[in-house]
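Tertiary structure, described
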Amino acid sequence: MAKETVMAGCSAAAHAAKAARVEVISSYPIRPYTGIMMELSKLVANGDLDAEFVHGEGEHAQVSIALGASASGARAYTGSSGVGVTYAMEVYSPTAGGRYPLQMSIADRALDPPGDFGSEHTDVMSARDQGWIMGWAETPQEVFDNTIMFYKIGEDSSVMLPQFCCQDGYFVSHIPGKVSIPEQSQVDEYLPAYKPHLPLDPTRPSSHGPQIYPDQGSAIDIQRAIAMINTPKVIEKAVADFNKQFGRNYSPFVEEYKCDDADFVFFLQGAHCRTARYAVDHLRKQGAKVGMVKLRFVRPFPTEAVAESLKKFKAVGTIETSTSYGGAMKGGNLIHEVRSACYDLPKGPAITSFMAGLGGEVVTLEEFYKMAKILAEAAKKGAIDQYVYWVNFDKGI
Amino acid sequence: MATKVQTQEMEIIKNMRQIPQEELYVPGHRTCAGCGPALCYKLVAKAAGKESIFLGPTGCMYVANTSYLCTPFAMPWTHTQITNGGAVASGIEAAYQVLIRKGKYKGKLPNIVVMAGDGGAIDIGLQAMSAMMYRGHDALFVMYDNESYANTGIQTSPMTPYGGKTTFTPPGKAVPEGKKLFPKDAPQLVIGGHPAVHYVATASVGYPVDLINKVRKGLNYKGPSFVHIHSPCPKGWIFDAKDTIKVAKQAVECGMWTNYEWENGEYTYQHIPKTYKPVKEFMKGQERFNHLTEEHIAKMQAFITAKIKAPGKPIEIPVLGPREEG
Amino acid sequence: MSKKYNENFNIPKHLEVPMGAVIPAPVKEQPAMKTGNWRTERPVIDHEKCTLCLNCFAYCPDSSWHLDEKGERMVWNPIYCKGCRVCVEVCPADALRNENEMDFKGGMARLDKPY
């Protein structure tokens, strides 16, 4: 019997790590993800989880400890937020390139300067080129479920990549929601023990990471590219199996909410999808033909699935909860990925972007209605006026 | 039912004859002819044995050994960043604790050895090394000391002696001695500050039996140990490759290097000369000191003399030899 | 919409890297880095003088000196010896001397294609 509980995202992550039978955990405190480690330390101290709980001396060390553990054949788990995520940046490529499928649970946080405990996706989005699987959860339940699914996907022999399992700081990490915790035997059936390809083991010695000729650099780089190309079909199967095993209803890549006859949609990931659903419901009552498309994986970016979904609409607005200073659209990150994905569509939507939900601000219903007005115009005209709107600051919107 | 983690007990040897003939650091590596750190690696690998896992933070003992896509390590080995040797070792040790406990690995705890250079141990890698010492992981941290960042072309490190010329401390009109700073005392960074550490030792490639025994003692002690090994570098210190062992011994004879052990608070010393030779002896054989004046050498001598006589070291200090040669 | 990803790659053999750059360990030597062709001099032993003190065996960074199987004689490995001459310096019995590599028929410098 599944256990029905109410808990916030941090606790959900911790209990999922326990259900996933993680073997080595490396901790370090930073708001707002610290709760994950506090909860896990209790589970280990009480003997509920047989794992080594290692107090890392910093986030860079956390990932390094997890890497060493994963290289030795243990299922490794760590996490961080904000500048902790960027501090560990040196170790992300060695982890992904070394094909160590550890998991880093992220409760995102705005980057310094200065200190800001609020949620923003920029911390982990900055690392998205390194070869890690990455996706946001909207609710504590999804945090729990993603933790287990991401291990299943990352440890697949055709993938073997580490994963960032992300949730919005405070909005998901600290606000309780219903979490159904499945029976351990069900989780064990879905997620078997980690099988490393060639671990550090005195009975079969190997050397991990010798120096290479520069010419060989692309030959090793392409391995990660191939792994990412293999990942979508692994995601499809892992999600389908998860839904079947645990009675959930996740789409693998994008979830469409009230999109069947929509003219324009909000495109976003993470916690603000919850508000978006309410906004869509309200706008629909007022006669707007609006929907929401929620992105479940930003890496590997589901190019085909996004294009397939968005081709139906006349206008799309990406809601950017991260920044890409100086980028092509001079705003956020999702716009670049979405415009690329839709570029080849014979008659694609007009695509614009909205800077909202940065620094920890809530994206209010009023802001959604503002965005809807702009998108409705774009849908009517079949073209956008601006690449990027700062929803609270642009004059005249 | 959890399986108890068993550790290996390495034998202390009496003489050269008892050095194992089998090579675990096999021939076929791109290190310089006469490389002190390579010799250090060979001896440490023999000390640790087959059931070990070695870590190579970036440095000469990574790049020179593993160019290209090949390694001389017959035991399991992994590269680490120069920053995180101690951290990755901690992760490996934690993994083996749980894998053995759960019955997934059926052997004894492997001898886990970090082979870090100056930087990887007490500069950019200091944080990770100290944390490994603090957390009590059952692993050994070896620092091969070639007194520079050698792999990147000889730059100053916190182990470069006062007056040591490197490409970041060239002598010139404004800075005649080249290097103004005195080096860190690496083992003293560990001793006394990490309650889980019971054994810290210094050794030299000039004294291989002593080196092997100290590595084995460090491995035998439960918890983390730190062994600091003097490994002269013909390229960086600028001397003929054939003199690597001569230079190593000179360092000990002049007091530039002292072989000792610290075990649970007690110091013991090895190879203490009856009379110390002047540091000038050590310095004259190496071009990296050629630019120094008598004044600089006197400063160095004063530093070394004070170090030899440092309080807390309960030994008889022999009288220092004459400063000027006859 | 068509997929537009090539999944057929042809990586030339000499550039191939195993997954994650994880390679099997060598066993007794590493033939991919033969360094015998570095030396200009090689150590020559006078077995009569040799006392089997094992200094050359202990101090060689490239493990080029070993006791033979019977434990009666020192054996030199020409494939990796870099000619650093440390062994000659540390021999207490004066049993080792340096000789010009060019003097040897099989000397590295003479090979048309050393390795």
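For clarity, every value in this text was computed on a predicted model and none was experimentally measured.

Definitions and cut-offs
Residues numbered from 1 in each chain as written. Chains lettered and ligands numbered in written order. Predicted model: local features only at pLDDT ≥ 70, side-chain atom pairs only at ≥ 80, totals over all residues. Heavy atoms only, no water. Contact = heavy atoms within 4.5 Å. Buried area = accessible area lost by both parts, 1.4 Å probe. Salt bridge = Lys/Arg side-chain N within 4 Å of Asp/Glu carboxyl O. Helix = DSSP H or I, 4+ residues; strand = E, 2+ residues; numbered from the N terminus. Pairing = 2+ DSSP bridges. Buried < 20%, exposed > 50% of the residue type's maximum accessible area, 1.4 Å probe, protein only. Polar contact = N/O pair within 3.5 Å; in protein donor to acceptor, adjacent residues only side chain to side chain. Nonpolar A, V, L, I, M, F, W, Y, C, P; charged D, E, K, R; others polar. pLDDT = per-residue confidence, 0-100. Axes fitted to C-alpha atoms, helices over the stretch in contact; angles between N-to-C directions.

1. Let's talk about the interface of chain B and chain A
At the interface, 43 residues of chain B touch 40 residues of chain A. Summed over both sides, the interface of chain B with chain A buries roughly 3200 Å², with 58% coming from carbon and sulfur. Counting the contacts that link chain B with chain A gives five salt bridges. Of the charged contacts, one joins Glu23 of chain A and Lys102 of chain B as a salt bridge, the two residues approaching to 3.5 Å between their closest N and O atoms. For the side of chain B that touches chain A, the leading source of residues is helix 3 (residues 85–101) of chain B, giving 12 residues. Pairing of strand 9 (residues 206–208) of chain A with strand 2 (residues 77–80) of chain B, which is carried by two bridges, proceeds in the parallel orientation. Counterpart to His208 of chain A in the pairing with strand 2 of chain B is Thr78 of chain B.

2. Thoughts on the side chain of Asp210 of chain B
Residues and elements named next belong to chain B. Inspection of the secondary structure assignment puts Asp210 in helix 7 (residues 208–220). Residue class for Asp210 comes out buried when judged on its relative accessible area of 14%. Other than its neighbours up to four places away in sequence, Asp210 contacts Thr202, Ala203, Asn259, Gln270 and His271.

3. A word on the interface of chain B and chain C
Listed by partner, the interface residues are 40 residues for chain B and 34 residues for chain C. Surface buried jointly by chain B and chain C totals about 3000 Å² across both partners, of which 61% is contributed by carbon and sulfur atoms. Three residues stand out in chain B for area buried against chain C, namely Gln21, Pro27 and Lys242 of chain B, and they jointly supply 21% of the buried area on that side. At the boundary of chain B and chain C, one finds one salt bridge. Among the salt bridges present, the one from Arg85 of chain C reaches Asp240 of chain B, with a minimum N-O distance of 2.7 Å. Scanning the region where chain B abuts chain C turns up 17 residue pairs in polar contact (both at pLDDT 80 or more). Those elements that provide at least two residues to the side of chain B that touches chain C are helix 1 (36–48) and helix 9 (244–254) of chain B. Within the side of chain B that touches chain C, the residues separate by chemical class into 22 nonpolar, nine polar and nine charged.

4. Considerations on the environment of Ala139 of chain B
Relative to the assigned elements, Ala139 of chain B resides in the loop between helix 5 (126–135) and strand 4 (140–145). Sequence-wise, Ala139 of chain B and Gly49 of chain B are 90 residues apart; in three dimensions their C-alpha atoms are separated by 14 Å.

5. Quick look at helix 5 of chain B
Of the residues making up helix 5 of chain B, those classed as buried are Ala128, Met129, Ala131, Met132, Met133 and Arg135 of chain B. Backbone geometry just downstream of helix 5 of chain B places Gly136 of chain B in the positive-phi region, at approximately 75°.

6. Details of the confidence of the model for chain C
Confidence in the prediction of chain C, expressed as mean pLDDT, is 91, and 91% of residues score 70 or more. This complex was scored by the predictor with a pTM of 0.95 and an ipTM of 0.95.

7. A word on the sheet that holds strand 6 (residues 225–230) of chain B
Spatially, 8(B)-7(B)-5(B)-6(B)-4(B)-3(B)-1(B)-2(B)-9(A)-1(C) is the arrangement adopted by the 10 strands of the open sheet, whose pairing is mixed. Each edge of the open sheet carries a strand with a single partner, namely strand 8 (266–270) of chain B together with strand 1 (22–24) of chain C. Within the sheet, the average angular offset between the axes of one strand and its neighbour, ignoring direction, is 15°. Sitting on the sheet, helix 5 of chain B touches strand 3 (111–116), strand 4 and strand 6 of chain B, and the angle it makes with strand 4 of chain B is about 150°.

8. A look at the pattern of salt bridges
Residues and elements named next belong to chain A. According to the stated counting rule, one finds 41 salt bridges over all chains in the structure shown. As a salt-bridge pair, Glu337 and Arg128 come within 3.2 Å of each other at their nearest N and O atoms. In this pair, Glu337 sits in helix 12 (residues 334–342) while Arg128 sits in the loop between helix 6 (122–125) and strand 6 (133–137), placing the two residues 209 residues apart along the sequence. A single burial state applies to Glu337 and to Arg128, both of which are buried. Note that Asp241 and Lys237 form a salt bridge whose closest N and O atoms lie 2.8 Å from each other. Of this pair, Asp241 and Lys237 both sit in helix 9 (residues 217–246), separated by four residues, roughly a single helical turn. Classification of Asp241 by relative accessible area gives partly exposed; the value is 29%. The exposure class assigned to Lys237 is exposed, which follows from its relative accessible area of 54%. Here the salt bridges share partners, and the residues they tie into one network are Glu138, Glu142, Glu255, Arg277, Lys294 and Arg296.

9. Remarks on the pairing of strand 13 (residues 315–320) of chain A
Residues and elements named next belong to chain A. Most of strand 13 is tucked away: six of the six residues are buried. By the alternation rule, side chains of strand 13 split into Ala315, Gly317 and Ile319 and Val316, Thr318 and Glu320, which are all buried. In the sheet, strand 11 (residues 264–268) pairs with strand 13 via four bridges, with the strands oriented parallel. Paired with Phe267 across the bridge in strand 13 is Thr318. Here six bridges tie strand 13 to strand 14 (residues 350–355), and the two strands are oriented parallel to one another. Looking at the pairing, Thr318 lines up with Ser353 of strand 14.

10. Observations concerning the sheet that holds strand 7 (residues 163–167) of chain A
Residue and element names in this part refer to chain A. The six strands lie next to each other as 3-2-4-5-7-6, forming an open sheet whose pairing is parallel. Each end of this open sheet is capped by a strand with a single partner; those strands are strand 3 (52–55) and strand 6. Within this sheet the neighbouring strands show an average axis-to-axis angle of 20°, counted without direction. Looking at chain direction, strand 2 (residues 24–27) and strand 4 (residues 76–80) are connected through two bridges and run parallel. Bridging across to strand 4, Val24 finds its partner in Ala76. Running over the sheet, helix 7 (residues 140–154) touches strand 4, strand 5 (103–107), strand 6 and strand 7 and is turned about 170° from strand 7.

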